[in-house]
Amino acid sequence: MKKNEKKYQVRSRSLLDFIDKSPTPFHAVKTLKDQLKKAEYVELYEHEEWKISAGGQYFVVRNDSSLVAFSVGSKKPHDSGFKIIGAHTDSPNLRLKPNPVYVKNGYVQLGVEVYGGALLSTWTDRDLSLAGRVILKVTNEKSSKTVHDKYKSLPSLDNYGCVTRLVKFNRPLLRIPQLAIHLNRSVNEKGLVLNPQKHLPPILALVDEKIKTEKILEELVAKELKCKPSDILSLELQLYDLQKGSFAGANDEFIFSSRLDNLASCHAALVSLLESARKDLATRVLVFYDNEEVGSVTAQGGSSPFLKDILERISVDENKPREAFMRAVARSLFISADMAHGVHPNYLEMHDANHLPMMNSGPVIKSHSGQKYATEGVSALQFEELCFKAKVPVQNFAIRSDLKCGSTIGPITAASLGIRTVDIGTSMLSMHSIREMAGSKDQEKLVLVFKEFFKSK
Ligand code: ZN
């Protein structure tokens, strides 16, 4: 902690640090895991039999990119319900295709796909790098066995063992250069139009006789991970911006960073659970899903049975397992936390005049009559009460009636579990830009409300 730093500054600094460590969902889950392990949470594996005890603290990972953590209450879930906060680990970005490398006019370039609703123009002229998941071959008989014991979620391949490693290059490797204005005279009037196939492939290198271009990525990764290029079985690499998050504004009232949507909610939920009293009557749960930005329909996304599977396993009652689970869900509240649209002073006409969330003015309850948000009267009141008790102001958001509304994991979870849900979030600007903007005081406010939720009754 820096000298004279206020509580909210410490909180936002810890958020920026969390985001800098987490350029991909794989890294976000690793960062979450590290903090949970430090707090003595025990990792469980889905394919194993679980022995869960009251007061125990556990977490489960799926595909290295989604995570559920829970702290078991002293009362059975069917008597106390679950207190659940959910968020997503993914953010819009550019991802490498399976065979990304190609040469064009002396440049080595990488084929990319757009993941989610990225604001594409913001990816140009930035210092970009690569991060992601790598699967390595382990040929040594003995070590392959050890590795398998440790990485239980990996499939056993017939001929060799394999191990998952994360990679993050900490230097600028790539750039998507904009066309000079002299060659694109109307760009300021017409806006920058980018064809993802044609205009987004970043430049990685100049062709060099000494370097084998087709293996250039494997060579780079192998050097970083200190392994042989031939050990690399699979690469899942994503682009990210090297610029670290920072405080900003005349009075440090803002934070500028990548991936505030939605690592800010993941961070707030995690620290709230870790800083709450260890004991509670109710079972407290965090769920962090991957793939929200592409619709959630994956094995580890919001549409998967990941959360449901775990809640069922926690609420097992020897006599009436199904009924115990249903009773537990009927007593529960799910807080779906995702970022909210703050009012943009240059585009006031894009907002509804009675719903203008401001930064640093507390969390926003998001409602939509078309149910793109799962908030309803009772869940909104429950959340307002938490804010009131935590002495944190609360705001409301509804989209203009003539605009299409975005969605969250809220409605998907509400519908699949039949659980009472409220959609909330911190207001921000530049959502889905490579560099987003939020208020520096809102993270602490959100944490106070979440801690109120997790407080023992
Ligand atoms: Zn989001």
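Refer to the structure above for everything that follows.
> Would you take a moment to explain the overall build of the chain for this structure?
For the chain, the helix and strand inventory stands at 13 helices and 20 strands. Taken over C-alpha atoms, the radius of gyration comes to 23 Å for the chain, in line with the 23 Å a tight globule of 457 residues would show. Considering only C-alpha atoms, the chain reaches an extent of 70 × 65 × 50 Å along its principal axes. Looking at the 457 residues of the chain, the share that counts as buried comes to 53%. Counting contacts in the chain only where the partners sit at least 6 residues apart, residues at least 24 apart contribute 77% of the total. With the model as given, the accessible surface of the chain reaches about 21900 Å², and the carbon-plus-sulfur share is 52%. Side chains of the chain carry 63 positive and 53 negative charges; the gap between the two charge centres is 3 Å.

> I would appreciate a short explanation of the sheet that holds strand β2 (residues 57-62) in the present structure.
Through backbone hydrogen bonds, the strands of a sheet pair up, either in parallel or in antiparallel fashion. Reading across the sheet, the nine strands line up as β1-β2-β3-β13-β4-β14-β18-β16-β17 and stay open at both edges, with mixed pairing between neighbours. Strands with a single pairing partner mark the edges of an open sheet, and in this sheet they are β1 (42-44) and β17 (395-397). In this sheet, adjacent strand axes meet at a mean angle of 25 degrees when their direction is disregarded.

> Hey, could you run me through the coordination of the zinc ion in this one?
Tetrahedral coordination by four donors sets the ideal angle at the metal to 109.5 degrees; octahedral coordination by six donors sets it to 90 or 180 degrees. Protein-derived coordination of the zinc ion comes from His88 (NE2), Asp261 (OD), Asp338 (OD) and Asp338 (OD), at a distance range of 2.0 to 2.7 Å. Between the donor residues of the zinc ion, the gaps in sequence give the motif H-x172-D-x76-D. Of this pair, aspartate 261 sits in helix α8 (residues 260-275) while aspartate 338 is found in the loop between β14 (333-337) and β15 (340-341), placing the two residues 77 residues apart along the sequence. Among the residues examined, aspartate 261 registers a relative accessible area of 3% and is labelled buried. With a relative accessible area of 5%, aspartate 338 lands in the buried category.

> Any chance you could explain a nonpolar patch on the surface here in plain terms?
The grouping of Tyr347, Met350 and Leu403 at the surface amounts to a nonpolar patch, some 280 Å² of accessible area in total. One can find tyrosine 347 in the loop between β15 and β16 (364-366).

> Would you take a moment to explain the nonpolar core for this structure?
The nonpolar side chains of a soluble globular protein tend to be buried with one another. Counting residues in hydrophobic clusters, the biggest one holds 50 residues, and the most contacted among them are Leu67, Ile85, Leu286, Ile335, Phe383, Ile424 and Phe450. The element contributing the most residues to this core is α8, with nine residues. Residues contacting isoleucine 85, with those up to four places away along its chain left out, are Ala269, Val285, Leu286, Val287, Phe334, Ile335, Ala337, Phe450, Phe453 and Phe454. Membership of the second largest hydrophobic core comes to 33 residues, among which are Leu94, Leu128, Ala222 and Leu225.

> It is not clear to me how the pattern of salt bridges should be interpreted in this structure. Could you clarify?
Note on pairing: side chains with opposite charge can pair once their charged atoms come close. Counted under the stated rule, the structure contains 22 salt bridges. One salt bridge in this structure joins lysine 7 and glutamate 444, with 3.9 Å as the shortest N-O distance. Residue lysine 7 is found in helix α1 (residues 7-20), and its partner glutamate 444 is found in helix α13 (residues 442-453); the two are separated by 437 residues along the sequence. For lysine 7, a relative accessible area of 53% puts it in the exposed group.

> Looking at this model, I keep getting lost on the packing of aromatic side chains. Mind explaining?
Centre-to-centre distance and the angle between the planes together describe a pair of aromatic rings. According to the stated counting rule, one finds four aromatic pairs in the structure shown. With a centroid separation of 5.5 Å and 35 degrees between ring planes, the pair formed by tyrosine 58 and phenylalanine 70 is classed as tilted. On the criterion of sequence distance, the pair formed by tyrosine 58 in strand β2 and phenylalanine 70 in strand β3 (residues 66-71) is long-range, its members being 12 residues apart. The residues tyrosine 58 and phenylalanine 70 share a single accessibility class, namely buried. Here a set of aromatic residues connected by ring pairs shows up, and it is made of Trp50, Tyr58 and Phe70. Its guanidinium or amino end placed over the ring of tryptophan 50, arginine 313 lies 3.7 Å from that ring's centre, counting from NZ or CZ. Seen from the ring of tyrosine 8, lysine 441 lies directly overhead, with NZ or CZ sitting 5.2 Å from the centre.

> Before we go on, may I ask you to explain the sheet that holds strand β19 (residues 427-429) in this structure?
Pairing is mixed across the open sheet formed by five strands, whose spatial order is β11-β12-β20-β19-β15. Because the sheet does not close on itself, it has two edges, and the strands there are β11 (246-248) and β15. Here strand β12 (residues 254-257) pairs with strand β20 (residues 436-439) via four bridges, running antiparallel. Counted as the bridge partner of isoleucine 255 is alanine 438 from β20.

> What's the story with unusual backbone geometry in this structure? I'm lost.
A negative phi angle characterises most non-glycine residues, just as the trans form characterises most peptide bonds. For the peptide bond that leads from aspartate 261 to asparagine 262, omega is 15 degrees, which places it in the cis range. You can see asparagine 262 is positioned in helix α8. One non-glycine residue with positive phi stands out, namely asparagine 360, at about 65 degrees. The residue glutamine 371 is not glycine, and still its phi comes out positive at about 65 degrees. Tracing the chain through its elements places glutamine 371 in the loop between β16 and α11 (377-390). For glutamine 371, a relative accessible area of 44% corresponds to the partly exposed category.

> What exactly am I supposed to notice about the pairing of strand β13 (residues 283-289) here?
Sheet faces and side chains relate simply in a regular strand, where the side chains alternate between the two faces. Within β13, seven of the seven residues are buried, which leaves the element mostly enclosed by the surrounding structure. The pairing of β3 with β13 spans five bridges and is antiparallel. Directly across from serine 71, in β13, lies its bridge partner arginine 284.

> What is the right way to look at α13 in this model?
Spanning 12 residues, α13 covers 17 Å between terminal C-alpha atoms, matching the ideal 16 Å at 1.5 Å per step. Most of α13 is tucked away: 10 of the 12 residues are buried. Every buried residue of α13 is accounted for by Asp442, Gln443, Glu444, Lys445, Leu446, Val447, Val449, Phe450, Glu452 and Phe453.

> Where do I start with the packing of α1 against α8 in this structure?
Packed helices, taken two at a time, are described by the angle their axes make and the gap between the axes. Closest axis-to-axis distance for the α1/α8 pair is 10 Å, and the angle between their directions is 120 degrees. Taken together, α1 and α8 sit at an angle that is classed as oblique. Taken as a pair, α1 and α8 cross one another with a handedness that is right-handed. Of the residues in α8, those in contact with Arg11, Ser14, Leu15, Phe18 and Ile19 of α1 are Leu260, Leu263, Ala264, Cys266, His267, Val271 and Glu275. Of the residues assigned to the contact of α1 with α8, the class counts are eight nonpolar, two polar and two charged.

Parameters at a glance
- Residues numbered from 1 in each chain as written.
- Predicted model: local features only at pLDDT ≥ 70, side-chain atom pairs only at ≥ 80, totals over all residues.
- Heavy atoms only, no water.
- Helix = DSSP H or I, 4+ residues; strand = E, 2+ residues; numbered from the N terminus.
- Rg over C-alpha atoms; globule rule 2.2 N^0.38 Å.
- Buried < 20%, exposed > 50% of the residue type's maximum accessible area, 1.4 Å probe, protein only.
- Contact = heavy atoms within 4.5 Å.
- Areas by Shrake-Rupley, 256 points an atom, 1.4 Å probe, with all protein chains shown as cover.
- Lys, Arg positive; Asp, Glu negative; His and termini not counted.
- Charge placed at Lys NZ, Arg CZ, Asp CG, Glu CD.
- Pairing = 2+ DSSP bridges.
- Axes fitted to C-alpha atoms, helices over the stretch in contact; angles between N-to-C directions.
- Donors = N, O, S within 2.8 Å, 3.2 Å for Na, K, Ca; no water.
- Patch = residues over 30% accessible without salt bridge, like charges linked within 9 Å, V, L, I, M, F, W, Y side chains within 5 Å.
- Salt bridge = Lys/Arg side-chain N within 4 Å of Asp/Glu carboxyl O.
- Core = buried A, V, L, I, M, F, W, Y, C linked by side-chain atoms within 4.5 Å.
- Phe/Tyr/Trp six-rings, centres within 6.5 Å; stacked < 30°, edge-to-face > 60°.
- Lys NZ or Arg CZ within 6 Å of the ring centre and 35° of its normal.
- Expected span 1.5 Å × (residues − 1).
- Parallel < 35°, antiparallel > 145°, perpendicular 65-115°, else oblique.
- Left-handed = near helix turned anticlockwise from the far one by under 90°.
- Nonpolar A, V, L, I, M, F, W, Y, C, P; charged D, E, K, R; others polar.

Worth remembering: the numbers are spatial, not functional.
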